[in-house]
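# Structural characterization, general
Spelled out, the chains give:
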Amino acid sequence: MDLERYSAPQRQAITTTEGPVLVLAGAGSGKTGVLTGRVAYLIKNMGVSPYAILAITFTNKAANEMKERIAAQIDFDVKNMSVSTFHSICAKMLRFHAEKLGYTSSFSIYDTDDALRMIKKISNENSYAIDMTPSAVLSLISRAKNAYVRMTPQQFFEELGGSEDLLKVYNAYNDRLHAENAMDFDDLLLNVLQLLETDAETREYYQNRYRYVMVDEFQDTNSVQYEITRIIAEKYGNIFVVGDDDQSIYSWRGADVRNILNFEKDYPGAVVIKLEQNYRSHQRILDVSNTIIAKSINRKDKLLWSAVKEGDKPYLRRFMNEYAEAEYVANELQNINRRGEDYSECAVLYRSHTQSRVLEEKLRQRGVPYTVIGGVGFYSRKEVKDILAYM
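Quick look at the structure, then. Position numbers for residues count from 1 along each chain, tracking the sequence in the order it is written. The predicted nature of this model means local features are confined to residues of pLDDT at least 70 and side-chain atom pairs, given and counted, to a pLDDT of 80 or more, with totals for whole chains, interfaces and linings taken over all residues. Only hydrogens and water are set aside when side-chain values are computed; all heavy atoms of the structure are taken into account.

Before going further, it helps to spend a moment on the pattern of salt bridges. Only one rule defines a salt bridge in this text: a Lys or Arg side-chain nitrogen within 4 Å of an Asp or Glu carboxyl oxygen. One pass over the full model with this rule turns up 23 salt bridges. Ionic pairing is found between Asp184 and Lys145, a salt bridge with its closest N-O pair at 2.9 Å. With Asp184 in strand 5 (residues 182-184) and Lys145 in helix 6 (residues 134-146), this pair connects stretches of sequence that are 39 residues apart. For the pair Asp184 and Lys145, one class covers both residues: buried. Among the ionic pairs, Glu327 bridges to Lys362, the shortest N-O distance being 3.4 Å. For helices the rule is a DSSP run of H or I covering at least 4 residues; for strands it is a run of E covering at least 2, with both sets numbered from the N terminus onward. Each residue is assigned to one of three classes by its accessible area relative to the maximum for its type, calculated with a 1.4 Å probe on protein chains only: buried under 20%, partly exposed between the two thresholds, exposed over 50%.

This part covers the packing of helix 9 (residues 185-198) against helix 11 (residues 223-232). Think of each axis as a best-fit line through the C-alpha atoms, taken over the contacting stretch in the case of a helix, with angles from 0 to 180 degrees between the N-to-C directions. Put simply, helix 9 and helix 11 touch, their axes get as near as 9 Å, and they point 35° apart. Crossing handedness for the pair helix 9 and helix 11: left-handed. Every residue of helix 11 that contacts helix 9 at Leu189, Leu190, Val192, Leu193, Leu196 and Glu197 is listed here: Val224, Gln225, Glu227, Ile228, Ile231 and Ile232. Note that Gly is not counted as nonpolar here; it falls among the polar residues with everything else outside the nonpolar set of Ala, Val, Leu, Ile, Met, Phe, Trp, Tyr, Cys and Pro and the charged set of Asp, Glu, Lys and Arg. When grouped by side-chain class, the residues that make up the contact of helix 9 with helix 11 number nine nonpolar, one polar and two charged. For a crossing to be left-handed, the near helix must be turned anticlockwise from the far one by less than a right angle; the clockwise case is right-handed. Throughout, a residue-residue contact means that at least one pair of heavy atoms, one from each residue, lies within 4.5 Å.

This part is about the nonpolar core. Put simply, a nonpolar core is a bunch of buried Ala, Val, Leu, Ile, Met, Phe, Trp, Tyr and Cys residues held in one set by side-chain atoms that sit within 4.5 Å of each other. If you look at the biggest cluster of nonpolar residues, it comprises 37 residues, and the most contacted ones within it are Tyr210, Ile228, Ile232 and Phe263. Every element with two or more residues in this core is listed here: strand 1 (21-25), strand 2 (53-57), helix 4 (86-97), helix 9, strand 6 (212-215), helix 11 and strand 7 (239-243). Residues in contact with Ile232, not counting those within four places in the same chain, are Leu54, Met93, Leu196, Tyr206, Gln207, Tyr210 and Val213. Counting 30 residues, the second largest nonpolar core, distinct from the first, contains Ala25, Ile43, Val78 and Phe240.

A sheet is described by the order of its strands in space; here six strands give the open sequence 3-2-6-7-1-8, paired in parallel fashion. The open sheet is flanked by strand 3 (82-85) and strand 8 (271-275), the only strands paired with a single partner. For this sheet, the mean angle separating the axes of adjacent strands, direction not counted, is 15°. Paired strands are those between which DSSP finds at least two bridges. Of the strand pairs in this sheet, strand 6 and strand 7 are connected by three bridges, and their pairing is parallel. Counterpart to Val213 in the pairing with strand 7 is Ile239. Against the sheet, helix 3 (residues 60-71) touches strand 2 and strand 3, its axis set at about 155° to strand 3. Relative to strand 6, helix 11 is tilted by about 160°, and along the sheet it contacts strand 2, strand 6 and strand 7.

Structure follows, in structure tokens:
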């Protein structure tokens, strides 16, 4: 395998195959290429069986990208490899072992709508003193399951200061799921963890099968996911995780940044490799990013840099309100267009879709064409079009 196209830190990450390895990969530092390159290196250079590798990420899109990159480097059908999301690999495990937990192998997987219907049904059948929407209750149930490693559901709801009825709903919900031979998304993870903890035969099988465990986006793991990978990798100790504590933004859905911050304490002797070269941006952008993120307290020290030193200097503008901001954006876009640039070369980023309305309003007033990506434009929504048509 040709390693010359990788930087020195990337080569180190790819070729350090034994023992625990933590790769602190800054934004745009080529972490996916390192992870997939490591899989190829294990197979082609180390003679490791593709079946002995477990590579986990968080989204189907990321898993498919990993498969495509691995397939381009090895002569093996990646469909037969364990390269998938946490939920997908856990669902496959449970299809083989569900009977040990009192389910059948044909159990159903309930999505959010299914779960909400069940919560509403339980609430309608009982007179619980809970002043919360079914959606809020379901969110708490999910958080309680994700906190399983640190505390029991009873401790979770007591710490939350919730009523005893919340715990009753939690128990009724799980009993109903079990009775219907169904699991929600959190159960897929939690049930696998309980299976690994309580069933020695299952635990030994997966420990023997997966000699090399790799986890992408490690900063997004919750305590249950962390324990699953720890137990599977326990026998051979070959756990390789890639992540960036500076990009941990999913605490609201259970992600625990302490998993990456405490990795060296939990895995004594772990090799820590920093990927600090950014291939996406020029140095002036990184200078701004480094300065801002340095203010964070709980983080691993790293400093992103780029080989591209020149570039437009980023600048900051402050406005009295969102209307003045949108006016400025529309004006800048027109100025760019007057200089000969096409509008299709411009992008306007905002935090949430609720911010698009004022921007769209100003762009329409100025006759600036636009397309809303990843959502429906405010003036393209059915209810807005209906109101405008009526008026």
